[in-house]
Amino acid sequence: MDDGRDEDTNADRAATEERRTEALDVLRSNRAEGYTIPSATLYPFQWNWDSAFIALGLAGVEPAAAKEEVESLCAATWESGLLPHIVFHTDAEGYFPGPEEWGVDVEETATSGITQPPMVVPAVRRIYEETGDDGFLDRVYPALERHLEWWVRERSFDTSVVYVRHPWETGMDDSPAWTDPLAAFDPGEVVYEREDRKSDELADQRPTDWDYDRYVSLVREARAVDWDEFDLRESCPFLVEDALTNAIFVRACDDFAALAAARGDDTAATTWREQAEQSREAIRDRLWDEELGTFVSYDRVGDRKLEANSVAGLASVFGEIPTKQQFERLRRTLRDDLLAYEFAVPSYVGDAFDPDRYWRGPVWINTNWLVADGLRRYGSADLADRIDRDSRRLVEREGFFEYFNPETGEGRGSDRFSWSAALYLELTDSA
Ligand code: DGY
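Quick look at the structure, then.

Rules of the game
Residues numbered from 1 in each chain as written. Predicted model: local features only at pLDDT ≥ 70, side-chain atom pairs only at ≥ 80, totals over all residues. Heavy atoms only, no water. Near = heavy atom within 4 Å. Polar contact = N/O pair within 3.5 Å; in protein donor to acceptor, adjacent residues only side chain to side chain. Areas by Shrake-Rupley, 256 points an atom, 1.4 Å probe, with all protein chains shown as cover. 1 Å grid on protein atoms, 1.4 Å probe; cavity = no way out; pocket = protein on both sides within 12 Å on 5 of 7 lines; lining within 4 Å. Sits in = over half its atoms within 2 Å of the grid points. Nonpolar A, V, L, I, M, F, W, Y, C, P; charged D, E, K, R; others polar. Helix = DSSP H or I, 4+ residues; strand = E, 2+ residues; numbered from the N terminus. Contact = heavy atoms within 4.5 Å. Pairing = 2+ DSSP bridges. Points joined across faces, edges and corners; volume = space filled by probe spheres on them.

### Details of the site of the ligand
Part 1: Surrounding the ligand, one finds Tyr-43, Trp-47, His-85, Tyr-95, Trp-168, Asp-173, Arg-194 and Tyr-358.
Part 2: A distance of 2.8 Å is found between an oxygen atom of the ligand and a side-chain nitrogen or oxygen belonging to His-85.
Part 3: Here an oxygen atom of the ligand and a side-chain polar atom of Arg-194 are 2.9 Å apart.
Part 4: In the complex, 97% of the free accessible area of the ligand, which totals 230 Å², lies under the protein chains.
Part 5: The site holding the ligand turns out to be the largest cavity.
Part 6: Along the lines of polarity and charge, the residues of the shell around the ligand split into five nonpolar, one polar and two charged.

As structure tokens, then:
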């Protein structure tokens, strides 16, 4: 008997294969020497957590490129252990703030002076498990360790919960969670030009001038004290214990412990496992918001919780932060508030929701990936599958956009965006 279902399956498989080929094409065309730019239109350098997601997606298909990606990022680690959020491998006109604005060099390569969530460690674990390449692990291990030690020493008030000192460090640049702490200081007169603010097409999908004035003034103030973290701990007007950064930090500690164990370093494995546990306990206590039913961020300057229902709180599952009881509540929040949209998972829900604007509502493929991975750790495969399905649906329908409207599914921001392509490869790895 003719089995129509088999034919469908074959057609689906062929379509997926075709998309995978396109994904690789995006990544190859965005690849420069030893690293991949996030997108040719808006981001012409190497970005820290972008590179980590790109390496994760490449691990199963082009492991040599995945290793190179991570190695070129790690080579930019500052002596202190800060892993910059941008590595300016080339001069490029038109991006602001460019190398002159930051004024920092590592071994003659210009970098920014802020960081991003340490996704590089989970990426290295993924690559190592795929390849078993001890030489690769030996080469990146010291930089990863220095970086994690830096978070504990220079970016924590209590050696448990870590903080950021710029919204760009969270990766979720214009999340409504940052409005109150940003409104609490006066950026003064700041003069600069941003391409995305000049573009008619993009202006209503990006952060506003109000946001950019503050982003730029935070960069200038930090540069004025030569990026001294202890000085900035006293003087910076934006010091936030971000839910997403903390979730990724905890997972990075766990993954680093696993890498240490693989190298036979039991002492380091124990140290980082204990760090993860200590951080988890403090985060559960400080960042949980029972009323919203999710994890939120904490403003150290204003000494208050930043009550926003965002995907950052949900991503706590990536670091196995919620207790069993918190997870039950968080799952209700996910079902009732965040899965109420046609496409999961909106980056934010609440009064400031805007389905087209950057981190104020759109769906992002990387946060979907973090949440789905974490949900599986809690045994919620059904919810994880729904999120993965939505990520695939969005990309298959629209292409490799930077972000997507959660109501209509329309692609937003830049097209041919590297991590959307890389994570599509990861999502369809065994398809
Ligand atoms: C940008 O330039 O928009 C970036 O998000 C900063 O990291």
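### A look at the environment of Leu-24
Part 1: Checked against the element boundaries, Leu-24 lands in helix 1 (residues 4-29).
Part 2: In this structure the C-alpha to C-alpha distance between Leu-24 and Ser-418, which are 394 residues apart in sequence, comes to 9.3 Å.
Part 3: Leu-24 has contacts with Leu-58, Val-61, Glu-62 and Leu-425, leaving out every residue within four places of it along the chain.

### Quick look at the sheet that holds strand 3 (residues 104-106)
Part 1: Taken in spatial order, the four strands of this open sheet run 1-2-4-3, and their pairing is antiparallel. Both outer strands of the open sheet, strand 1 (46-47) and strand 3, are each paired with one neighbouring strand and no more.
Part 2: Pairing analysis gives three bridges linking strand 3 to strand 4 (residues 109-111), with the strands arranged antiparallel. Counterpart to Asp-105 in the pairing with strand 4 is Ala-110.

### Structural notes on empty space enclosed by the protein
Part 1: For the structure on display, the rule yields three cavities of 30 Å³ or more.
Part 2: Tyr-43, Trp-47, Gln-116, Asp-173 and Tyr-358 are, among the 20 residues lining the largest cavity, the residues nearest its centre.
Part 3: Taken together, the residues of the lining of the largest cavity sort by class into 12 nonpolar, three polar and five charged.
Part 4: In this structure, the second largest cavity spans a volume of roughly 60 Å³.
Part 5: As for the second largest cavity, its lining consists of 14 residues, of which Ala-177, Trp-178, Ser-297, Ser-310 and Ala-312 are closest to the centre.

Function-wise, these values are silent; they only describe arrangement.
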